[in-house]
Amino acid sequence: MRKGEITRVTRETEIKLSCCLDGEGQAKLKTGIGFLEHMLQLLTLHGGLDLTVDAKGDLQVDYHHLTEDLGICLGQALRQALGDRSGIARYAHVCIPMDEALVMAVLDVGGRSYLHFEVPMPAQQVGAFDTELVEEFLRALVSNAGFTLHVKLLHGRNTHHIIEAVFKAVAHSLRQAVALRGTAGQVLSTKGVL
């Protein structure tokens, strides 16, 4: 089983997170941020992961620190779970609809960190959650996992639907990219390493 476990303690947040790439879509989440937990449940189910998060932070300030640090921890856990990344598909791309919203995600889990996020948000908040934190979460995740991720909104009007489509698209592309191809020990790179 490909697993990662991370503990992160700062003056702003305290997080214990574990994930299994070869999971059953099970999520056990405790963050204090309801909307983010909903998105992480989508990521877990659609990504075929098992994810356990026990996190607390300075939510009286806002959700920024905890959201970003959760992205850091999940990225580090995914990097740990992937090991040398041999035998995986490496690349994936999907388009996911959520009612009127359509989002494309293209992913390379090959060790190079980059995020292109072209997802304008019609509203600044969904409930109490600042929508700009979606990009912050993904930037922290890809930076710590060593992923290149391009996410683009093709069309959509409802901010909640758009963000759901983003997380589902990222989840499905992650599931495809980390899938084992049956070539154990082989790295999908002419360099021979990722």
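Just above, that's the structure.
Presented here is an overview of the structure given in this document.

Cut-off values and rules
Residues numbered from 1 in each chain as written. Predicted model: local features only at pLDDT ≥ 70, side-chain atom pairs only at ≥ 80, totals over all residues. Heavy atoms only, no water. Helix = DSSP H or I, 4+ residues; strand = E, 2+ residues; numbered from the N terminus. Rg over C-alpha atoms; globule rule 2.2 N^0.38 Å. Contact = heavy atoms within 4.5 Å. Axes fitted to C-alpha atoms, helices over the stretch in contact; angles between N-to-C directions. Left-handed = near helix turned anticlockwise from the far one by under 90°. Nonpolar A, V, L, I, M, F, W, Y, C, P; charged D, E, K, R; others polar. Pairing = 2+ DSSP bridges. Salt bridge = Lys/Arg side-chain N within 4 Å of Asp/Glu carboxyl O. Buried < 20%, exposed > 50% of the residue type's maximum accessible area, 1.4 Å probe, protein only. Disulfide = S-S within 2.5 Å.

Here we look at the overall build of the chain
A count of helical and extended segments in the chain gives 4 helices and 10 strands. In sequence order, the chain lays out its α and β elements as β-β-β-α-β-α-β-β-β-β-β-α-β-α. Relative to the compact-globule value of 16 Å for 194 residues, the chain shows a C-alpha radius of gyration of 16 Å, a close match. Overall, the chain is about 45 × 40 × 25 Å in size when its C-alpha atoms are taken along their principal axes.

Regarding the environment of lysine 28
Along the chain, lysine 28 falls in strand E3 (residues 27–30). For the pair lysine 28 and valine 178, spaced 150 residues apart in sequence, the C-alpha to C-alpha distance is 22 Å. Look past the residues within four positions of lysine 28 in its chain and what remains in contact with it is Leu51, Thr52 and Val53.

Quick look at the packing of helix H1 (residues 34–47) against helix H4 (residues 159–177)
Remark: H1 packs on H4, axes separated minimally by 8 Å, with the N-to-C direction vectors making an angle of 35°. Like other packed secondary-structure pairs, H1 and H4 cross with a definite hand, here right-handed. Two secondary-structure elements touch here, H1 through Phe35, His38, Met39, Leu42, Leu43, Leu45, His46 and Gly47 and H4 through His160, Ile163, Glu164, Phe167, Lys168, Val170, Ala171, His172 and Arg175. When the residues that make up the contact of H1 with H4 are grouped by side-chain class, the tally is 9 nonpolar, 5 polar and 3 charged.

Let's talk about the sheet that holds strand E2 (residues 13–20)
Spatially, 4 strands are ordered E1-E2-E4-E3 in an open sheet, and the strand pairing comes out mixed. Whereas interior strands pair on both sides, the edge strands pair on one side only; in this sheet they are strand E1 (3–9) and E3. Adjacent strand axes in the sheet meet at a mean angle of 0°, parallel and antiparallel pairs treated alike. Examined bridge by bridge, E3 and strand E4 (residues 50–57) share 4 bridges and lie parallel to one another. By the bridge assignment for E4, lysine 30 is matched with aspartate 54. Strand contacts of H1: E3 and E4, with the helix running at about 160° to E3, the strand carrying the most contacts.

Some details on the side chain of threonine 13
Inspection of the secondary structure puts threonine 13 in strand E2. Discounting residues that sit within four places of it in the chain, threonine 13 has contacts with Arg8, Lys56, Gly57, His65, Leu66 and Asp69.

Quick notes on the sheet that holds strand E7 (residues 114–118)
The sheet built from 4 strands is open, its strands ordered E5-E6-E10-E7 with mixed pairing. Strand pairing shows two members of the sheet lacking a second neighbour, strand E5 (91–98) and E7, which therefore form its edges. Averaged over neighbouring strand pairs, the angle between their axes works out to 10° when direction is ignored. Inspection of the sheet shows E7 paired to strand E10 (residues 148–155) by 5 bridges, in the parallel sense. Among the inter-strand pairings, glutamate 118 is bridged to a residue of E10, identified as lysine 152. Strands in contact with helix H3 (residues 133–145) are E7 and E10; relative to E7, the strand with the most contacts, it is inclined by about 160°.

Overview of the pattern of salt bridges
Under the counting rule described, the total for this entry stands at 6 salt bridges. Residues arginine 8 and aspartate 69 are paired through a salt bridge, measuring 3.3 Å at the closest nitrogen-oxygen approach. Here aspartate 69 lies in helix H2 (residues 64–82) and arginine 8 lies in strand E1, a separation of 61 residues in the sequence. Given the relative accessible area of 26%, arginine 8 is considered partly exposed.

Remarks on the state of the cysteines
Covalent bonding between the sulfur atoms of two cysteines defines a disulfide. Under the criterion given, the structure shown has 0 disulfides. Between cysteine 20, a cysteine without a disulfide, and cysteine 19, which holds the nearest cysteine sulfur, the sulfur-to-sulfur distance is 7.4 Å. Take cysteine 20: its relative accessible area is 6%, and that puts it in the buried class. Of all cysteine sulfurs, the one in cysteine 19 lies closest to cysteine 73, which takes part in no disulfide; the gap is 11 Å.

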